[in-house]
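# Breakdown of the fold
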Amino acid sequence: MMNEITFATREEEETLQDLFTGYGMALAGDIEEHVLVKAGHKVLAGAMLSQIDTNLFHLLVFAVSKDGHHQGIGSQLLQELLKKPENYCRTSFDGVDETYTVTTVAKGDAAPFYQKNGFAACDFSVLAYPFDEQCEECPDKQDCKPVAMMIECHQYKERK
């Protein structure tokens, strides 16, 4: 069963930052733009999804706490973000078409997780600016082994 996904608050900023730091990442913007999964007061996972265009979203950061590993929490959170991405973006465009794309950059060891959840590796040129260039000058690129990834999603629309 999925714990509730909520937008993060200032009170959770340090905890979420610590979670991302454990994976070599940082908060990707204002704390209130991030979503998280909690069990009681414990943060189990966090992410930030941004809407780039009407039919394009980018997952900037995504992490699951050690306590949340091997419980399906990461996959459940990711699938929920993919199912209704506009619900998890503080700034969103008016509406989303039935078909949309979600992109991300996975550290090499995270690529199998994304592939298990339907993403496919793609060329960095497929990503929107500035994500298409984010790894070009990074001194950690060789150790990080970044993989550009994307998934095309189809939103279910009820008939009236």
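Residues numbered from 1 in each chain as written. Predicted model: local features only at pLDDT ≥ 70, side-chain atom pairs only at ≥ 80, totals over all residues. Heavy atoms only, no water.

When glycine is set aside, most residues are seen to have a negative phi, and most peptide bonds are trans. In this chain, Tyr129 is followed by Pro130 through a cis amide linkage whose omega measures 5 degrees. By secondary structure assignment, the location of Pro130 is in the loop between β6 (120–121) and α4 (141–144). One non-glycine residue with positive phi stands out, namely His70, at about 60 degrees. Assignment of secondary structure puts His70 in the loop between β4 (56–64) and α2 (73–83). (Helix = DSSP H or I, 4+ residues; strand = E, 2+ residues; numbered from the N terminus.)

The strand order across the open sheet formed by 7 strands is β1-β2-β3-β4-β5-β7-β6, and the pairing between neighbours is mixed. Edge positions in the sheet fall to β1 (5–7) and β6, since each has one partner strand and no second. Bridge count for strand β5 (residues 99–106) against strand β7 (residues 147–154) is 8 bridges, and the pairing is antiparallel. Bridging across to β7, Val105 finds its partner in Ala148. Along the sheet, helix α1 (residues 13–21) makes contact with β2 (35–39), β3 (42–53) and β4, crossing β3 at roughly 80 degrees. (Pairing = 2+ DSSP bridges. Contact = heavy atoms within 4.5 Å. Axes fitted to C-alpha atoms, helices over the stretch in contact; angles between N-to-C directions.)

Here the focus is the pattern of salt bridges. Scanning all chains against the criterion turns up 6 salt bridges. Between Asp30 and Arg10 there is a salt bridge, with the nearest N and O atoms lying 3.2 Å from each other. Of the two residues, Asp30 is situated in the loop between α1 and β2 and Arg10 in the loop between β1 and α1; the sequence distance between them amounts to 20 residues. The partly exposed category is assigned to Asp30, whose relative accessible area is 40%. The structure contains a network of salt bridges with shared partners spanning Arg10, Glu13, Asp30 and Glu32. (Salt bridge = Lys/Arg side-chain N within 4 Å of Asp/Glu carboxyl O. Buried < 20%, exposed > 50% of the residue type's maximum accessible area, 1.4 Å probe, protein only.)

Attention now goes to the pairing of β2. In terms of strand pairing, β1 meets β2 through 3 bridges, oriented antiparallel. In the sheet register, Thr6 faces β2, and the bridge partner there is Leu36. Where β2 lies against β3, 5 bridges are found, and the strand directions are antiparallel. The partner of Val35 across the bridge, within β3, is Ala47. Taken together, β2 and the strand that follows it, β3, pair antiparallel across an intervening segment of 2 residues, in which Gly40 is found at a positive phi of about 65 degrees.

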